[in-house]
Amino acid sequence: MADYDVVLLVEQALTPADAAQVRSLHEGLEEPVTYHVLLPMEDAAARIEAAMGSLSGGELLASPAMAMSEVDLEAVRHDSEERTRSDLDRTLDALHGAGATAVGEVTTDPPIHALAEKVKAVDGREAIILTRPHVVAEFFHVDWTSQARRKIGVPVLHLLEHESIEEQAAGGGEGVSGV
């Protein structure tokens, strides 16, 4: 009997409750389920820009100018890789703890491209995207879920991390969305 392959695109480490919720979606299936987790690596350059952008005008005037050459981009990139790898390990541990078979990888590709490629590579039967709420992106349909629904040919379920399905359903439609 072939596995029922599900590709998970996650924005941050899943909690044990998130993992149990995902696992509960497939409890009634006869086929063995394998979860393929994709976790995009946070962009080190974006972290530096965000940190620099958070300085107020007064701080910029009161402190000497910081040359970009003083910023150790390699150290920031290494820190980003370690944090992302740790988040992936915690996610896989949570899924295994919920009784799931799961493998995962960190990706540096654009998230939806990586999702589409993984669905194709494993002959995925469905995709689940777990994110924090992104109200503006969702409103304009540029969020990961909207993009995935346009790009891949399997059902896509969007769940909010750290909220149960019941909490999402009761929250005015912000959370659970499906094809």
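Conventions and cut-offs
Residues numbered from 1 in each chain as written. Predicted model: local features only at pLDDT ≥ 70, side-chain atom pairs only at ≥ 80, totals over all residues. Heavy atoms only, no water. Buried < 20%, exposed > 50% of the residue type's maximum accessible area, 1.4 Å probe, protein only. Helix = DSSP H or I, 4+ residues; strand = E, 2+ residues; numbered from the N terminus. Arc of directions from axis to C-beta. Expected span 1.5 Å × (residues − 1). Contact = heavy atoms within 4.5 Å. Polar contact = N/O pair within 3.5 Å; in protein donor to acceptor, adjacent residues only side chain to side chain. Salt bridge = Lys/Arg side-chain N within 4 Å of Asp/Glu carboxyl O. Pairing = 2+ DSSP bridges. Core = buried A, V, L, I, M, F, W, Y, C linked by side-chain atoms within 4.5 Å. Right-handed = clockwise from strand over helix to strand, strands pointing away.

(A) Layout of helix H1 (residues 16–24). Among the residues making up H1, those that are buried are Asp-18, Ala-19, Gln-21 and Val-22. Angular distribution of buried residues about the axis of H1 spans 160 degrees; they occupy a single face of the element. Seen from the open side of H1, the exposed residues pointing more than 90 degrees away from its buried face are Pro-16 and Ala-17.

(B) Summary view of helix H5 (residues 111–122). Between its first and last C-alpha, H5 extends 16 Å over 12 residues, near the 16 Å set by a 1.5 Å rise per residue. Among the residues trailing H5, Asp-123 stands out with phi positive, at a value near 55 degrees.

(C) Focus on the environment of Tyr-4. With respect to the secondary-structure elements, Tyr-4 resides in strand S1 (residues 4–10). In this structure Tyr-4 touches His-26, Leu-29, Glu-31, Pro-32, Val-33, Thr-34, Arg-125 and Glu-126, once residues within four positions along its chain are discounted. Reaching out from Tyr-4, the side chain makes a polar contact with the side chain of Glu-126 at a distance of 2.5 Å.

(D) The pattern of salt bridges, seen in detail. Counted under the stated rule, the structure contains six salt bridges. One salt bridge connects Lys-118 with Glu-105, and the closest N-O pair in it is separated by 2.7 Å. Highlighted residues: Lys-118 in helix H5 and Glu-105 in strand S3 (residues 101–107), separated in sequence by 13 residues. Looking at Glu-105, the relative accessible area reads 33%, which means it is partly exposed. Among the salt bridges present, the one from Glu-117 reaches Lys-120, with a minimum N-O distance of 3.9 Å. You can see Glu-117 and its partner Lys-120 sitting in helix H5, three residues apart, about one turn around the helix. Judged by relative accessible area, Lys-120 falls into the exposed class, the value being 61%.

(E) Looking closely at the pairing of S1. Extensive coverage of S1 is indicated by the burial of seven of its seven residues. The alternating pattern of S1 places Tyr-4, Val-6, Leu-8 and Val-10 and Asp-5, Val-7 and Leu-9 on opposite faces, both of which are buried. Relative to strand S2 (residues 33–40), S1 is paired through six bridges, and the arrangement is parallel. Among the inter-strand pairings, Tyr-4 is bridged to a residue of S2, identified as Val-33.

(F) Representation of the side chain of Thr-84 in the model. Turning to its location among the elements, Thr-84 is positioned in helix H4 (residues 73–97). Aside from chain neighbours lying at most four places away, what touches Thr-84 is Leu-39, Pro-40, Met-41, Glu-42 and Val-106.

(G) Quick look at the nonpolar core. With 21 residues, the main nonpolar core has Leu-8, Tyr-35, Ile-128 and Leu-130 as its most contacted residues. Taken together, the elements giving at least two residues each to this core come down to S1, H1, S2, H4, strand S4 (126–131) and strand S5 (156–160). Not counting the four nearest positions on each side in its chain, Tyr-35 is found in contact with Val-6, Leu-8, Val-22, Arg-23, His-26, Ala-100, Thr-101, Ala-102 and Val-103.

(H) Structural context of the pairing of S2. Counting buried positions over the eight residues of S2 gives eight, a clear majority of the element. Both faces of S2 are covered, namely the face carrying Val-33, Tyr-35, Val-37 and Leu-39 and the face carrying Thr-34, His-36, Leu-38 and Pro-40. Taking the sense of rotation as the criterion, the β-α-β connection linking S1, H1 and S2 turns out right-handed. With seven bridges connecting them, S2 and S3 associate as parallel partners. Looking across to S3, one finds that Tyr-35 is bridged to Ala-102.

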